[in-house]
Amino acid sequence: MSKINVLLAEDELALGMIIQESLESRDFKVRLCPDGQKAWESYQAQKPDVLVLDVMMPKKDGFSLAAEIRKIDPHTPIIFLTSKSQTEDVVKGFGIGANDYVRKPFSMEELIVRIKAQLDRLRTRQSQSDWIVLGKYEFHPTRQLLKLADTETPLTARESQLLQMLLQNANDITDRTLILNQIWGSDDFFNARSMDVFITKLRKKLQDDPTIQILNVRGYGFKLVC
């Protein structure tokens, strides 16, 4: 069974390391980020199973980070760590899309129970029908996974969005400008170059099934052949 992947954002380094070490000793996999901006970059690089976010952080606070994540990911559980007890802060967090709060100081047992409870709730909402067959692969848009036999490959949020959009138009052309506007927010030159990089990444992750191709239809867009 794979380890639970936790993205932990905590600007108090000593506390963050204690939480990281405690979770890892209980067979979790933890990425510790010292501020909200680094946590956002880490999330974009690889989507975790659960996010544990301090509310008060430099560069990007927990509320702002959660709001950014919820724009593209409505499902991954978010648990806030906070020393605040004001009702309005709790209400604000839940309004943004948080799933739970843990108030400092807390025991590791409490945090672990809350993490597992959120993941159990998420799993009950996700049925096997969420898997989409793609040649020899299976694709799970919600969990952002590609599966080949018993091997699961994680996708970034943007890779998953891109593959899902291509699948919606499988064996037909997906307009390049439409992809850029819907996923990147604009069709400028730099976003176009970024999209080309993500297409290359998807091709590499799908290379074990030669019947699947992502074709570049010059001047129009891309075609997923499957």
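Rules behind the numbers
Residues numbered from 1 in each chain as written. Predicted model: local features only at pLDDT ≥ 70, side-chain atom pairs only at ≥ 80, totals over all residues. Heavy atoms only, no water. Core = buried A, V, L, I, M, F, W, Y, C linked by side-chain atoms within 4.5 Å. Buried < 20%, exposed > 50% of the residue type's maximum accessible area, 1.4 Å probe, protein only. Helix = DSSP H or I, 4+ residues; strand = E, 2+ residues; numbered from the N terminus. Contact = heavy atoms within 4.5 Å. Salt bridge = Lys/Arg side-chain N within 4 Å of Asp/Glu carboxyl O. Pairing = 2+ DSSP bridges. Axes fitted to C-alpha atoms, helices over the stretch in contact; angles between N-to-C directions. Right-handed = clockwise from strand over helix to strand, strands pointing away. Domains from an automatic or database assignment. Buried area = accessible area lost by both parts, 1.4 Å probe. Polar contact = N/O pair within 3.5 Å; in protein donor to acceptor, adjacent residues only side chain to side chain. Nonpolar A, V, L, I, M, F, W, Y, C, P; charged D, E, K, R; others polar.

(A) Main features of the nonpolar core. Ranked by size, the top nonpolar core spans 24 residues in total, and within it L162, L163, L166 and I179 carry the most contacts. Going through the elements one at a time, β7 (137–140), α6 (157–168), α7 (176–184), α8 (189–205) and β12 (221–225) are the ones with two or more residues in this core. Once you skip the residues sitting within four places of it in the chain, L162 turns out to touch I179, I183, W184, F198, I199 and L202. Grouped together as the second largest cluster of nonpolar side chains are 20 residues, A9, C33, W40 and F63 included.

(B) Focus on the pattern of salt bridges. Counted according to the given criterion, the structure contains 15 salt bridges. Residue D35 pairs with K38 through a salt bridge whose shortest N-O separation is 3.7 Å. Judged by relative accessible area, D35 falls into the buried class, the value being 5%. Between R114 and E110 there is a salt bridge, with the nearest N and O atoms lying 3.1 Å from each other. Residue R114 and its partner E110 are located together in helix α5 (residues 108–125), separated by four residues, close to a single helical turn. Take R114: its relative accessible area is 27%, and that puts it in the partly exposed class.

(C) Focus on the sheet that holds strand β11 (residues 213–217). Read across the sheet, three strands follow the order β10-β12-β11 without closing on themselves; strand pairing throughout is antiparallel. On the outer flanks of this sheet lie β10 (173–175) and β11, each paired with one strand and no other. On average, each strand axis in the sheet is inclined to that of its neighbour by 30°, with strand direction left out of account. Here three bridges tie β10 to β12, and the two strands are oriented antiparallel to one another. Note that in β12 the partner of I173 across the bridge is K223. Most of the contacts of α6 go to β12, to which it runs at about 75°, and overall it touches β10, β11 and β12. Sitting on the sheet, α7 touches β10 and β12, and the angle it makes with β10 is about 55°.

(D) Structural detail: the pairing of strand β4 (residues 78–82). Of all five residues in β4, five are buried; the element is thus mostly enclosed. Judged by which residues are buried, β4 turns out to be covered on both faces: I78, F80 and T82 on one side and I79 and L81 on the other are all buried. Considered for its hand, the β-α-β crossover made up of strand β3 (residues 50–54), helix α3 (residues 62–72) and β4 is right-handed. In the sheet, β4 pairs with strand β5 (residues 100–103) via four bridges, with the strands oriented parallel. What sits directly across from L81, in β5, is V102.

(E) Here's a closer look at the domain arrangement of the protein. Its domain assignment divides the protein into domain 1 (4–127) and domain 2 (132–225). Its C-alpha centre places domain 1 at a distance of 28 Å from the equivalent point of domain 2. In this assembly, nine residues from domain 1 lie in contact with nine residues from domain 2. Of the roughly 710 Å² buried where domain 1 meets domain 2, counting both sides, 55% is carbon and sulfur surface. Seen at the junction of domain 1 and domain 2, the total is zero salt bridges. Taken together, domain 1 and domain 2 are joined by zero residue pairs in polar contact (both at pLDDT 80 or more). Per-element tally for the side of domain 1 that touches domain 2: the top contributor is helix α2 (residues 36–45), with three residues. Here the side of domain 1 that touches domain 2 is built from residues that sort into three nonpolar, five polar and one charged.

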